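Coordinate analysis (summary)
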Amino acid sequence: MMMEKYAANLEIKVDERTAELQIEKHKADQLLYRMLPRAVAEKMKQGQSIRAELFDTVTVYFSDVVSFTNLCSQSTPMEVVAFLDDMYTMFDSIIESYDVYKVETIGDAYMLVSGLPDRNGDSHVIEITETALALIEGTRNFKVRHKPGYQMQIRVGIHSGPCCAGVVGKLMPRYCLFGDTINTASRMESNGMPMRVHMSQCTYELLEQYDCYNCSERGGTIEVKGKGAMKTYFCDGIDDTKFRPKLVKSTVPALTPASDASKRGSQVRPPPKGYRPLPRASPNGSITRSPGANKRANKSCEPLLRELNNLEDSAV
């Protein structure tokens, strides 16, 4: 009798510790996936070496806050940190709806890329363009907590081309991008105009195949540091009455041309706001309880199991 009681108690303890271990493992994995692309993180967990990879064509996004230095001079350090946290939280919620990878943030600079680490054909240019338009729209509605009357503006630049990507460092590994494409995208941003998507000719030529994007030439050429004279373009919006390609994460069918206006209107997808994160598949690793567990063991582990299920449901 005593041995049976001991065995039952031991089984309860094992199930409890297993549930706790799975919860902590899930939390650690989610933190790792925020620091590195999932595919790269999985290889590192398995002890595999991560080799740098060359991507033929990607589209890179840069943005920064207009007059950020002036804003900082009128704010305390704590207010600046709170402002950047609010802004990046808003940005992060928007980009969840698009097939883009957040590379890093440096001060007020925000860097994204599409087309790596997962290749998406030619979709990278429309993914970044629509993300850029959505971020500008989000910025229009953004309020700076410590300066209620202040209207924040961002400057956006995008460029398409080849680049190399790989993990750098061992102590604090970072997934970094290298190549002239990154430099040119940064120049597009620094030479851009507030609240407009400034793009290179390479990006424009990729985007030109879609009639729905309202693009215009900047006019003449501009002198770009390290690049010389360049012809550049702006994208200021989307014409929803024309054919609109379907985004990788979109659940709404692409707009197809319709003969009459009412029929066309029913197919129009709302402008990208970015505040509706799409659900993602929950990771594997759910707990299977021991077949011999008795009712007391099940009841004891129930709170931990519920917490694990909630973590899996809310996994990003």
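One structure accompanies this document, and this report is about it. (Residues numbered from 1 in each chain as written. Predicted model: local features only at pLDDT ≥ 70, side-chain atom pairs only at ≥ 80, totals over all residues. Heavy atoms only, no water.)

The description of an aromatic ring pair rests on the distance of the ring centres and on the angle between the ring planes. Counted by the stated rule, this structure contains 8 aromatic pairs. Judged by centre distance (3.8 Å) and plane angle (5 degrees), the ring pair of Tyr-204 and Tyr-233 falls under stacked. Here Tyr-204, found in helix α7 (residues 201-207), pairs with Tyr-233, found in strand β10 (residues 232-238); they are 29 residues apart in sequence, far enough to count as distant. The pair Tyr-204 / Tyr-233 is uniform in exposure class, with both members buried. Ring-pair connections join several aromatic residues into one group, and the members of that group are Phe-68, Phe-83 and Phe-142. (Phe/Tyr/Trp six-rings, centres within 6.5 Å; stacked < 30°, edge-to-face > 60°. Helix = DSSP H or I, 4+ residues; strand = E, 2+ residues; numbered from the N terminus. Buried < 20%, exposed > 50% of the residue type's maximum accessible area, 1.4 Å probe, protein only.)

Moving on, we get to the nonpolar core. Grouped together as the largest cluster of nonpolar side chains are 43 residues, with contacts concentrated most on Tyr-61, Phe-83, Met-87 and Val-197. Broken down by element, the residue count for this core peaks at 9 residues, all from helix α4 (residues 77-95). Contact partners of Val-197, with chain neighbours within four places excluded, come to Ala-132, Leu-133, Ile-136, Val-156, Ile-158, Tyr-233, Phe-234 and Cys-235. Counting residues in hydrophobic clusters, the runner-up holds 19 residues, among them Val-40, Met-111, Val-113 and Tyr-175. (Core = buried A, V, L, I, M, F, W, Y, C linked by side-chain atoms within 4.5 Å. Contact = heavy atoms within 4.5 Å.)

On the surface, Tyr-6, Leu-10 and Val-14 cluster together into a nonpolar patch covering about 300 Å² of accessible area. Along the chain, the position of Tyr-6 falls in helix α1 (residues 2-35). Judged by its relative accessible area of 52%, Tyr-6 is exposed. (Patch = residues over 30% accessible without salt bridge, like charges linked within 9 Å, V, L, I, M, F, W, Y side chains within 5 Å. Areas by Shrake-Rupley, 256 points an atom, 1.4 Å probe, with all protein chains shown as cover. Salt bridge = Lys/Arg side-chain N within 4 Å of Asp/Glu carboxyl O.)

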